[in-house]
Amino acid sequence: MLTIYGVYRSRAARNYWMAREIGIEFKSVPVIQGSRLANPLAADAPINTLSPEFLAVNPMGMIPCIKDGDLMMHESLAINLYLARKYGGPLAGKTVEEEGLMSMWTMWAATEVEPYSVALVRIYDNAQENSEPGKAGIAVACRSLKRPLDVLEKHLQNHEHLVGGRFTVADLNLAEVLRYAQTEQELFDAHPAVKTWIERCQSRDAYRAMQATRGKEPV
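Residues numbered from 1 in each chain as written. Predicted model: local features only at pLDDT ≥ 70, side-chain atom pairs only at ≥ 80, totals over all residues. Heavy atoms only, no water.

As recorded by an unreviewed UniProt entry, the protein chain carries the name Glutathione S-transferase and is attributed to Rhizobium miluonense.

Considering the packing of aromatic side chains
The full count for this structure, using the stated rule, is 6 aromatic pairs. Here the aromatic rings of tyrosine 16 and phenylalanine 26 are separated by 5.7 Å at their centres, their planes lie at 45 degrees, and the arrangement is tilted. Of this pair, tyrosine 16 sits in helix 1 (residues 12-22) while phenylalanine 26 is found in strand 2 (residues 26-29), placing the two residues 10 residues apart along the sequence. Following the ring pairs from residue to residue traces out a cluster consisting of Tyr8, Tyr16 and Phe26. In this structure, arginine 204 packs its charged tip against the face of phenylalanine 167, placed 3.9 Å from the ring centre. (Phe/Tyr/Trp six-rings, centres within 6.5 Å; stacked < 30°, edge-to-face > 60°. Helix = DSSP H or I, 4+ residues; strand = E, 2+ residues; numbered from the N terminus. Lys NZ or Arg CZ within 6 Å of the ring centre and 35° of its normal.)

Re helix 3 (residues 76-87)
Every α-helix winds through 3.6 residues per turn, so residues three or four apart in the chain are directed the same way. The terminal C-alpha atoms of helix 3, which comprises 12 residues, lie 16 Å apart, in line with the 16 Å expected from a rise of 1.5 Å per residue. Tucked inside the fold, the buried residues of helix 3 contact strand 1 (2-5), helix 1, strand 3 (65-68), strand 4 (71-74), helix 4 (96-125) and helix 6 (169-179). Once helix 3 ends, the next one or two residues include glycine 88, with phi positive near 65 degrees. (Expected span 1.5 Å × (residues − 1). Contact = heavy atoms within 4.5 Å.)

Some thoughts on the domain arrangement of the protein chain
Many authors give the size of an interface as the accessible area that is lost as the parts come together. If you check the domain split of the protein chain, you get domain 1 (2-90) and domain 2 (96-207). Each side of the interface is counted separately: domain 1 has 14 residues, and domain 2 has 22 residues. Taken over both partners, the interface formed by domain 1 and domain 2 buries close to 1,600 Å², and the fraction arising from carbon and sulfur atoms is 63%. The closest approach of N and O atoms between glutamate 99 and arginine 85, which form a salt bridge, is 3.5 Å. The tally of links between domain 1 and domain 2 comes to 6 residue pairs in polar contact (both at pLDDT 80 or more). Contributing elements (two or more residues each) for the side of domain 1 that touches domain 2: helix 1 and helix 3. Among the residues making up the side of domain 1 that touches domain 2, the classes are represented as 7 nonpolar, 2 polar and 5 charged. (Domains from an automatic or database assignment. Buried area = accessible area lost by both parts, 1.4 Å probe. Salt bridge = Lys/Arg side-chain N within 4 Å of Asp/Glu carboxyl O. Polar contact = N/O pair within 3.5 Å; in protein donor to acceptor, adjacent residues only side chain to side chain. Nonpolar A, V, L, I, M, F, W, Y, C, P; charged D, E, K, R; others polar.)

Let's talk about the nonpolar core
What tends to happen in soluble globular proteins is that the nonpolar side chains get buried as a cluster. The biggest cluster of nonpolar side chains holds 54 residues, and the ones touching the most others in it are Trp17, Leu152, Leu162, Leu174, Leu178 and Trp197. A domain-level breakdown of this core finds at least three residues from each of domain 1 (2-90) and domain 2 (96-207). Ignoring sequence-local partners within four residues, the contact set of leucine 178 consists of Val113, Leu149, Leu152, Phe188, Val194, Trp197 and Ile198. Membership of the second largest hydrophobic core comes to 8 residues, among which are Tyr5, Val7, Val29 and Ile32. (Core = buried A, V, L, I, M, F, W, Y, C linked by side-chain atoms within 4.5 Å. Buried < 20%, exposed > 50% of the residue type's maximum accessible area, 1.4 Å probe, protein only.)

Things to note about the layout of surface pockets
Using a probe with the size of a water molecule, rolled over the atoms, empty space left in the structure can be pinpointed. By volume, the largest pocket is sized at about 1,000 Å³. Forming the walls of the largest pocket are 22 residues, and the residues nearest its centre are Arg9, Gln33, Val121, Asp125 and Tyr180. Ranked by residue count, the leading element in the lining of the largest pocket is helix 4, at 5 residues. Looking at side-chain class alone, the lining of the largest pocket contains 8 nonpolar, 7 polar and 7 charged residues. Shared between two domains, the lining of the largest pocket takes at least three residues from each, and those domains are domain 1 (2-90) and domain 2 (96-207). Approximately 190 Å³ is the volume found for the second largest pocket. Along its surface, the second largest pocket is lined by 13 residues, and Arg11, Pro64, Glu75, Ser76 and Leu77 are the ones closest to its centre. (1 Å grid on protein atoms, 1.4 Å probe; cavity = no way out; pocket = protein on both sides within 12 Å on 5 of 7 lines; lining within 4 Å. Points joined across faces, edges and corners; volume = space filled by probe spheres on them.)

Overview of the side chain of asparagine 80
Relative to the elements of secondary structure, asparagine 80 occurs in helix 3. With sequence-adjacent residues up to four places away left out, asparagine 80 is seen in contact with Arg14, Asn15, Met18, Val169, Leu172 and Asn173.

See below:
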């Protein structure tokens, strides 16, 4: 059975969504971020990214990671590419060319989008959005996201999905990276094709099931 280490309020959400999409049974081990705890090494602390028992699983001390048979993996986007390749179905590439494009869009999400979408999350998580440094940080992130979103907008004006005319792991990976930027409504209003696409992705049953479980976790 696939085991996913990580709480839903983390990048593990991507892997929980993916597992639900492909319909495989999985076990969840809710490892919390050590930074969310006052004393992550306390005897009564929940298992977290600084716990010795978790570091034995992933020495990087990061969530998510998975165990699938004898395979251990970390890096959430790579995990989803692996799950698509292993379990197949419509989320996987049908050809080498489709697999290449799915990897391209996934790497693009990680390098061109995520640094700025995560910067937005950190500003809001630290309740800095109304401070002058926070406002400046939001402005920089939105400005940095404009070019990638312009590129994505142009592609989606002629395609409902990123690859192959259907929802695939590429859509899932990019939608999850962009979810972090959805606090900036004006950014999406300025890119209507992107806005329609991400709403379509997030209307899927597997996404809603993932979010329902995520909503039950402590903030």
